[in-house]
Amino acid sequence: MNGDLQLNADGSLRHLLTLDGLPARILTQILDTAESFISVAQREVKKVPLLRGKAIFNLFFEPSTRTRTTFEIAAKRLSADVVNLNIASSAQSKGETLLDTVANLSAMQADMFVVRHAASGAPHLIARHVAPHIHVVNAGDGRCAHPTQGLLDMFTIRQHKGSFHNLRVAVVGDLLHSRVARSQIHALTTLGCPEVRVVAPRTLLPRDVDSLGVHVHYRMETGIKDCDVVIMLRLQNERMQGALLPSPQEYFKYWGLTPDKLRLARPDVIVMHPGPMNRGVEIDSGVADGVHSVILNQVTYGIAVRMAVMSLLAGN
Amino acid sequence: MNGDLQLNADGSLRHLLTLDGLPARILTQILDTAESFISVAQREVKKVPLLRGKAIFNLFFEPSTRTRTTFEIAAKRLSADVVNLNIASSAQSKGETLLDTVANLSAMQADMFVVRHAASGAPHLIARHVAPHIHVVNAGDGRCAHPTQGLLDMFTIRQHKGSFHNLRVAVVGDLLHSRVARSQIHALTTLGCPEVRVVAPRTLLPRDVDSLGVHVHYRMETGIKDCDVVIMLRLQNERMQGALLPSPQEYFKYWGLTPDKLRLARPDVIVMHPGPMNRGVEIDSGVADGVHSVILNQVTYGIAVRMAVMSLLAGN
Amino acid sequence: MNGDLQLNADGSLRHLLTLDGLPARILTQILDTAESFISVAQREVKKVPLLRGKAIFNLFFEPSTRTRTTFEIAAKRLSADVVNLNIASSAQSKGETLLDTVANLSAMQADMFVVRHAASGAPHLIARHVAPHIHVVNAGDGRCAHPTQGLLDMFTIRQHKGSFHNLRVAVVGDLLHSRVARSQIHALTTLGCPEVRVVAPRTLLPRDVDSLGVHVHYRMETGIKDCDVVIMLRLQNERMQGALLPSPQEYFKYWGLTPDKLRLARPDVIVMHPGPMNRGVEIDSGVADGVHSVILNQVTYGIAVRMAVMSLLAGN
């Protein structure tokens, strides 16, 4: 639905708000660019001058040290100037509207806003009102989207599996509260993955799950059977309201990924998790730290993917 | 009163604490320098090396994301290293005196302190005690002064009107609680503006208003009539104590700047506001977003003016 | 006990966790390197490119603006990229373990962690689990160690006294709660100081004081008599529990360093204090601001010492 907002007239990327509607061409361009940045992190001097003299504003309307840090590192490796704004405590409390805040920050001649907001759609609203030379990256809005997380997941799969064309991928856990699952499903489908499964108890599935074009499984044992990739979701304790679940222990018993359950997947399966992990709830330490886990690789790739997005948007 | 503290023996600027007492020569030098920085923001690489290797400490004893951000951007465009210190939560809480804190920060070989403090005069106190090579910039102290805001207002007027010599300027609203109004009036007068008006209800005028050398108006209709420049002040809700005003609605009715009232001014009037705006209280959206508004230009010019001040103080 | 963890197989420094067990060779190398950086701070452009392109993460699990600032300045003078993480408010609150947090930050390809933690041993735990290319610097852990503070004290003594070989040094005050005193004593002894005294009331001495190899004095008058160096400790008000002391006034009477008491030391004595000072409690203003005080020099030297440690650990 936001394809128009995200792409320039010539089809190049203008904002990154959601993976929904992004063509495979753009997704592949981002993954290819990220691949070229992997080597930067292995050099003595981990910097390239692609964003030298550009001003990146991290606009965090809700705190997220981890996400803010990955964007800050990516921006600094591109030689940008980074300004961190924790906005909850600032102008908003003086009664200024979001759009006035954004208009002001635009007028400070920012080149890019990296936006985190508790309200779904806030980055889209901002993108619709910024000056033409300013790019907006969604770093997580409400329950809606977190596209760079989705992209780093795609990058991780491609690095470990080569391509998407013969893969069976399971997305497991709290899909109802996940910002990422929906983006992942769209991206996997767009990139040619033939079988995407969602695996969760009925209480943690969104009501419109049937419209996503995925196979729905209500048991781990069938859900991850013969999968090439298992993407575990974080159990969003802090977002749960009411009694969707009996207890963390019981959740772990039925839905936690253990070495035993993982043996049902393919022998070369990779296990992913967006972090932070709840060990002993959605994932067992034997899996988290085991040979199939690529969870820390995801973090490393996340820097390269964010560098790719930023340099494609605003590179000199 | 602080002219001595602000100027070196050779008449050059050493600290910027207040616009009071600054000669027209210095004001004009700052505005001219700022003009040379306007183009920097329009380049691909928005950086000049004037403060390379210099350490700028943002000492914010009270939070102000907006002001801190503008100084941080200005410093980074000059290639300085910026260290942000939110001091309320730090050494002060361990019982250290302000002057010990400042002596310590001086000993870390800072080149400049940008100081924001709730107590009037704090930046002056600091300026009096720093080592000779350290420069102090007042980024707002109590109700007293906020000189870079005053300067960016002067810059805005000069950019849009060419000079000050034939202008009729109205400063409208909460003069009692404004850090800026007094500086503006002094600067306007010093730069040769022939007619400065203050326009406010009696309860929002400082008691010594007669000593400022301005025309006092108690009604918008006469106050802004035939003006070239209307400077709206923010209604400092959070600073009001007691019943100075009946209600925001009533304030808006009598003192809010609407398109209707603005028609009383000159056809080419410009409207300014320091932000953040209270739309529907001191200013109507039709004016804030209208063709006479230069409010967002002020923000842009604010970066150039702060670059000018910093580079004049500590430039290589 | 941590010598192995701190040194590489070839005897060079890998982590700086504590001064305990560090050989004189390493201590002297750090002090010599720091000396070479003193001149950097006096240049117009206070930067050297030794850590260009390196990512230094300031991991502050407890806040300390002063310490964080000194490391940030040191890192920026070495041209590193600095990322500040205030971790108390972040992932830890989402139930992630310390080691998962650290594994994640490692995966972001940090080159160095500067760690401040309320729990003794936390930096050691982290050092034991980071990837081989990552260096850990302890910026203060619990009551345990604060090695760069100890090093800057040694540097200060060497700058003012030339060598350690004929010195009588008194460490005075709250040794029980000091992170630094133990490091200082070890370093002084290792560097050849023939007489180290600790001077404190019995209630502020650690129980194992006899094992430190120092002379214990229970009165200021005998304790600082004929000393070349007097190191005052901060009275850790905020750490005191229960009634170890009668009152600040009484403490000052017996244990506060006044000009009168200082006359018992050598005429060329230097007085040190780690800051922030409690004037009128452990130190009189006449001493703090007097000719024997090198307290602000310590702060300046602290930047050079931290630059030395960082460049020895991770320099290009």
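Residues numbered from 1 in each chain as written. Chains lettered and ligands numbered in written order. Predicted model: local features only at pLDDT ≥ 70, side-chain atom pairs only at ≥ 80, totals over all residues.

Thoughts on the overall build of chain A
Argument step 1. Scanning chain A from terminus to terminus reveals 12 helices and 9 strands.
Argument step 2. The globule rule puts the C-alpha radius of gyration for 316 residues at 20 Å, and the 19 Å found for chain A is close to it.
Argument step 3. Summarising its shape, the C-alpha atoms of chain A cover approximately 55 × 45 × 35 Å along the three principal directions.
Argument step 4. Relative to its full complement of 316 residues, chain A shows a buried share of 55%.
Argument step 5. Put simply, 75% of the contacts in chain A that link residues at least 6 apart link residues at least 24 apart. (Helix = DSSP H or I, 4+ residues; strand = E, 2+ residues; numbered from the N terminus. Rg over C-alpha atoms; globule rule 2.2 N^0.38 Å. Buried ≥ 20, exposed ≤ 12 C-beta atoms within 10 Å, placed from the backbone. Contact = placed C-beta atoms within 7 Å.)

Some details on the sheet that holds strand β7 (residues 215–217) of chain B
Residues and elements named next belong to chain B.
Argument step 1. Overall, parallel pairing links the 5 strands, which are arranged β7-β6-β5-β8-β9 in an open sheet. The open sheet has two edge strands with one neighbour each: β7 and β9 (270–272). Pairwise comparison of adjacent strand axes, ignoring direction, gives a mean angle of 20 degrees for this sheet.
Argument step 2. As paired elements, strand β5 (residues 168–172) and strand β8 (residues 229–232) share 4 bridges and run parallel to each other. Of the residues in β8, the one forming a bridge with Val 169 is Val 229.
Argument step 3. Packing against the sheet, helix α7 (residues 181–190) makes contact with β5, β6 (195–199) and β8, and its axis sits at approximately 170 degrees to β5. (Pairing = 2+ DSSP bridges. Axes fitted to C-alpha atoms, helices over the stretch in contact; angles between N-to-C directions.)

Examining the sheet that holds strand β7 (residues 215–217) of chain C
Residue and element names in this part refer to chain C.
Argument step 1. On the basis of which strands lie adjacent, the open sheet formed by 5 strands has the order β7-β6-β5-β8-β9 and parallel pairing. Looking at which strands have only one partner, the edges of the open sheet turn out to be β7 and β9 (270–272). In this sheet, adjacent strand axes meet at a mean angle of 20 degrees when their direction is disregarded.
Argument step 2. The sheet contacts of helix α7 (residues 181–190) involve β5 (168–172), β6 (195–199) and β8 (229–232), and relative to β5 the element is tilted by about 170 degrees.

Things to note about the relation of the copies chain C and chain B
One copy of the chain maps onto the other through a rotation about an axis plus a displacement along that axis.
Argument step 1. Between the two copies, chain C and chain B, the superposition gives an RMSD of 0.1 Å; the rotation angle is 120 degrees and the shift along the axis is 0.0 Å. Accordingly, the operation relating the two chain copies is best matched by a three-fold axis. (Least-squares fit on C-alpha atoms with pLDDT ≥ 70 in both.)

Quick word on the interface of chain A and chain C
Argument step 1. Contact with chain A, which involves 21 residues of that partner, is made by 20 residues of chain C.
Argument step 2. Of all the elements in the fold, those that place two or more residues in the side of chain A that touches chain C are α3 (65–77) and α12 (295–314) of chain A.
Argument step 3. Examining the composition of the side of chain A that touches chain C, we find that 7 residues originate from one element, α3(A), more than from any other.
Argument step 4. Here the residues of the side of chain A that touches chain C are counted per class, giving 9 nonpolar, 6 polar and 6 charged. (Nonpolar A, V, L, I, M, F, W, Y, C, P; charged D, E, K, R; others polar.)

Some thoughts on unusual backbone geometry
Argument step 1. Following A:Gly275, the chain continues to A:Pro276 via a peptide bond in cis, the omega torsion being -10 degrees.
Argument step 2. Residue position: A:Pro276 is located in the loop between β9 (270–272) and α11 (285–288).
Argument step 3. Backbone geometry at A:Gln109 places phi at a positive 60 degrees, although glycine is not the residue there.
Argument step 4. Inspection of the secondary structure assignment puts A:Gln109 in the loop between α4 (98–107) and β3 (112–117).
Argument step 5. Even without glycine at this site, C:Asp226 takes up a positive phi of about 60 degrees.
Argument step 6. Looking at where C:Asp226 falls in the secondary structure, it is placed in the loop between α8 (220–223) and β8.

Some points on helix α2 (residues 24–38) of chain A
Residues and elements named next belong to chain A.
Argument step 1. When the terminal C-alpha atoms of α2 are compared, their 21 Å separation across 15 residues agrees well with the 21 Å that a helix rising 1.5 Å per residue should span.
Argument step 2. Turning to α2, its buried residues are Ile 26, Ile 30, Leu 31, Ala 34 and Phe 37. Taken down its axis, α2 places every buried residue within 135 degrees of arc, on the same side. Those residues of α2 that are exposed and angled more than 90 degrees off the buried face are Arg 25 and Asp 32.
Argument step 3. As for α2, its buried residues are in contact with α6 (147–161) and α12. (Expected span 1.5 Å × (residues − 1). Arc of directions from axis to C-beta.)

Focus: the environment of A:Thr18
All names here are of chain A.
Argument step 1. Along the polypeptide, Thr 18 turns up in the loop between α1 (3–6) and α2.
Argument step 2. Residue class for Thr 18 comes out buried when judged on the 25 C-beta atoms lying within 10 Å of it.
Argument step 3. Separated by 149 residues in sequence, Thr 18 and Leu 167 have C-alpha atoms that sit 23 Å apart.

A look at the packing of helix α6 (residues 147–161) of chain C against helix α12 (residues 295–314) of chain C
Residue and element names in this part refer to chain C.
Argument step 1. Contact geometry for α6 and α12: axes closest at 8 Å, N-to-C directions at 115 degrees. With respect to the hand of their crossing, α6 and α12 are arranged in right-handed fashion. Contacts between α6 and α12 involve Thr 148, Leu 151, Leu 152, Asp 153, Phe 155, Thr 156 and Gln 159 from the first element and Asn 297, Gln 298, Tyr 301, Gly 302, Val 305, Arg 306 and Val 309 from the second.
Argument step 2. Of the residues in the contact of α6 with α12, the class split is 6 nonpolar, 6 polar and 2 charged. (Left-handed = near helix turned anticlockwise from the far one by under 90°.)

Focus: the interface of chain C and chain B
Argument step 1. Counting from both sides, the interface comprises 21 residues of chain C and, opposite them, 20 residues of chain B.
Argument step 2. Of all the elements in the fold, those that place two or more residues in the side of chain C that touches chain B are α3 (65–77) and α12 of chain C.
Argument step 3. Of the residues contributing to the side of chain C that touches chain B, the split by class is 9 nonpolar, 6 polar and 6 charged.

Structural notes on the domain arrangement of chain A
Residue and element names in this part refer to chain A.
Argument step 1. For chain A, the assigned domains read domain 1 (3–145 + 300–314) and domain 2 (147–298).
Argument step 2. Using only C-alpha atoms to locate each centre, domain 1 and domain 2 end up separated by 26 Å.
Argument step 3. Facing the 22 residues of domain 1 at the interface are 20 residues of domain 2.
Argument step 4. Broken down by element, the residue count for the side of domain 1 that touches domain 2 peaks at 6 residues, all from α12.
Argument step 5. Looking at the side of domain 1 that touches domain 2 residue by residue, the classes come out as 14 nonpolar, 5 polar and 3 charged. (Domains from an automatic or database assignment.)

Points about the pairing of strand β3 (residues 112–117) of chain C
Within a regular strand, the side chains alternate between the two sheet faces.
Residues and elements named next belong to chain C.
Argument step 1. Burial analysis of β3 places 6 of its 6 residues in the buried class, the great majority of the element.
Argument step 2. Of the two faces of β3, both are covered, the one formed by Met 112, Val 114 and Arg 116 as well as the one formed by Phe 113, Val 115 and His 117.
Argument step 3. In terms of strand pairing, strand β1 (residues 55–60) meets β3 through 5 bridges, oriented parallel. The residue of β3 that forms the bridge with Phe 60 is Arg 116.
Argument step 4. As defined by bridge partners, β3 adjoins strand β4 (residues 135–141) across 5 bridges and the pair is classed as parallel. For Phe 113, the partnering residue across the bridge sits in β4 and is Val 136.
Argument step 5. After leaving β3, the chain enters helix α5 (residues 122–129) and then returns to the sheet as β4, a path that is right-handed. (Right-handed = clockwise from strand over helix to strand, strands pointing away.)

Overview of the packing of α2(A) against α12(A)
All names here are of chain A.
Argument step 1. Interhelical geometry of α2 versus α12 gives an angle of 120 degrees and a closest axis separation of 8 Å. Taken together, the axes of α2 and α12 are oblique relative to one another. At the point where α2 passes α12, the crossing takes the right-handed sense. Across from Gln 29, Ile 30, Thr 33, Ala 34, Phe 37 and Ile 38 in α2, the residues of α12 making contact are Tyr 301, Ala 304, Val 305, Met 307, Ala 308, Val 309, Ser 311 and Leu 312. (Parallel < 35°, antiparallel > 145°, perpendicular 65-115°, else oblique.)

Examining the environment of A:Ala127
Residue and element names in this part refer to chain A.
Argument step 1. Mapped onto the secondary structure, Ala 127 falls in helix α5 (residues 122–129).
Argument step 2. According to the C-beta neighbour criterion, Ala 127 is buried, with 23 such atoms within 10 Å.
Argument step 3. Remark: the alpha-carbon pair of Ala 127 and Leu 17, spanning 110 residues in sequence, is separated by 8.4 Å.
Argument step 4. Discounting chain neighbours no more than four positions away, the residues touching Ala 127 are Leu 5, His 15, Leu 17 and Val 136.

Some details on the environment of C:Pro63
Argument step 1. Its place among the elements puts C:Pro63 in the loop between β1 and α3.
Argument step 2. Placed 53 residues apart in sequence, C:Pro63 and C:Arg116 show a C-alpha to C-alpha distance of 7.9 Å.

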